[in-house]
Amino acid sequence: MHVMLYSNVRLVPVHLESRMTGSDTRPFHLTVERLEKSLQDAKMEDVRVRALILMNPHNPLADVYSPTEMKDFLEFAKRHELHVIVDEVYMLSVFEETAQYHSVLSFDRLPDPQRTHVMWALSKDFAASGIRVGSLYTENQDVLSAVAQLAFLHGVPGPTQHKVAQLLRDRDWINQTFLQTNRARLKAAHKYVTDELKELGIPFLNRHAAFFVWADFRRYLKTLSFEEELLLWRRFVNNKVLIICGKAFECCEPGWFRIIFSDKTYRLQLGMQRLQKVLKEVEQEMQSEDKLLLSQLDAECKADIVEETVLHPSSQEKAPGLDGLIGLLKRQMQSSDWLQKHTVEQFAQDNPEVFEVFSRLAGK
């Protein structure tokens, strides 16, 4: 977003899907194949792509890309002569030992050093968003010169530089005290929020980095649309729960939300209580609407059956008994074209809302 606002550069999103296909090994898996497809789609629209932006760990997925994956991405960029901007702002916030993180600067070699630029800042890893200090590593002198011109107007104040330098010099405290404590707290907060999501039956990506969980609220949308996603988001906000909807991250599937868990336990508890309240209200509304639609459908079906099976015995004829009525109904059903006129396809076209209710119930 900042890139679009400040530099008038158009961003071309690489759309990822929750459903795994092809070479995917996990939901929303970024692969070279997807990068290739997005690049080719941009070329078809006469859009010239100049650079690739990578986040590792990823925001909002919290995916940690392996060295093999990152090298593949960098090789892709080299083949197409693209600059690569690697944002590693969450690199020290990997809180599970099994999710090992490797910076691209730890690689023995970079496929294209002149086009690879690595960014980091204190704001996330040191919980210091008010200290506006970041770093850029690049071997490209032209990029360094351009950034230096920009920094003339956006320089870091001297007192801030002094304090940050003092902080970063204390390696023992950073490695043995701060990072260990911070990661333990992140791990505990992540466990609390994900346990609550499990209790609510909400699917999510179980990752172990950064500050957020990517959660699936699709079953709380009355229709799978971004308009419904926005309505659900507004209900969260109106109940003082600020989570970010997937559309803000160019997600191509409505219903996904990012939940931030890097907070104190009592605040997380309050937030999850409010979230549960909203979901319960939405679920009750959807159930009421489903019952109303089913009631309307039942009434329409009964009216159709009565219309097709009404009997007109003459005044001289004796009213038929039960066996006679059953036989007459069978003959009328065999001779009637009601079933041919009322196909499933025609019903879905004439009554889309009712058909969606039946489909949802059939899925359950």
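This text goes with the structure placed above it.
Note that this is a predicted model, so its numbers are computed, not measured.

Draft legend 1. Expanded view of the overall build of the protein. Along the protein, the regular secondary structure elements total 13 helices and 7 strands. Of all 364 residues assigned to the protein, the portion counted as buried reaches 33%. If you take every contact in the protein between residues at least 6 apart in sequence, the share linking residues at least 24 apart comes to 68%.

Draft legend 2. Molecular detail of the nonpolar core. Among the nonpolar cores identified, the biggest contains 35 residues, and L197, I202, F217, L232, F236 and L275 are the most heavily contacted of them. The set of elements that each furnish at least two residues to this core consists of α7 (171-200), β5 (212-216), α8 (226-238), β7 (256-260) and α9 (265-309). With sequence-adjacent residues up to four places away left out, F236 is seen in contact with F217, V241, I243, F257, L275, V278 and L279. Membership of the second largest hydrophobic core comes to 26 residues, among which are L16, L35, L61 and M70.

Draft legend 3. Main features of the sheet that holds strand β6 (residues 244-245). In space, the 3 strands of this open sheet follow the order β5-β7-β6, with antiparallel pairing throughout. Each having just a single partner strand, β5 and β6 make up the two edges of the open sheet. As paired strands, β6 and β7 are joined by 2 bridges and run antiparallel to one another. The partner of C245 across the bridge, within β7, is F257. On the sheet, α7 packs against β5 and β7 and is oriented at approximately 10 degrees with respect to β5. Against the sheet, α8 contacts β6 and β7, and its axis sits at roughly 25 degrees relative to β7.

Definitions and cut-offs
- Residues numbered from 1 in each chain as written.
- Predicted model: local features only at pLDDT ≥ 70, side-chain atom pairs only at ≥ 80, totals over all residues.
- Heavy atoms only, no water.
- Helix = DSSP H or I, 4+ residues; strand = E, 2+ residues; numbered from the N terminus.
- Buried < 20%, exposed > 50% of the residue type's maximum accessible area, 1.4 Å probe, protein only.
- Contact = heavy atoms within 4.5 Å.
- Core = buried A, V, L, I, M, F, W, Y, C linked by side-chain atoms within 4.5 Å.
- Pairing = 2+ DSSP bridges.
- Axes fitted to C-alpha atoms, helices over the stretch in contact; angles between N-to-C directions.

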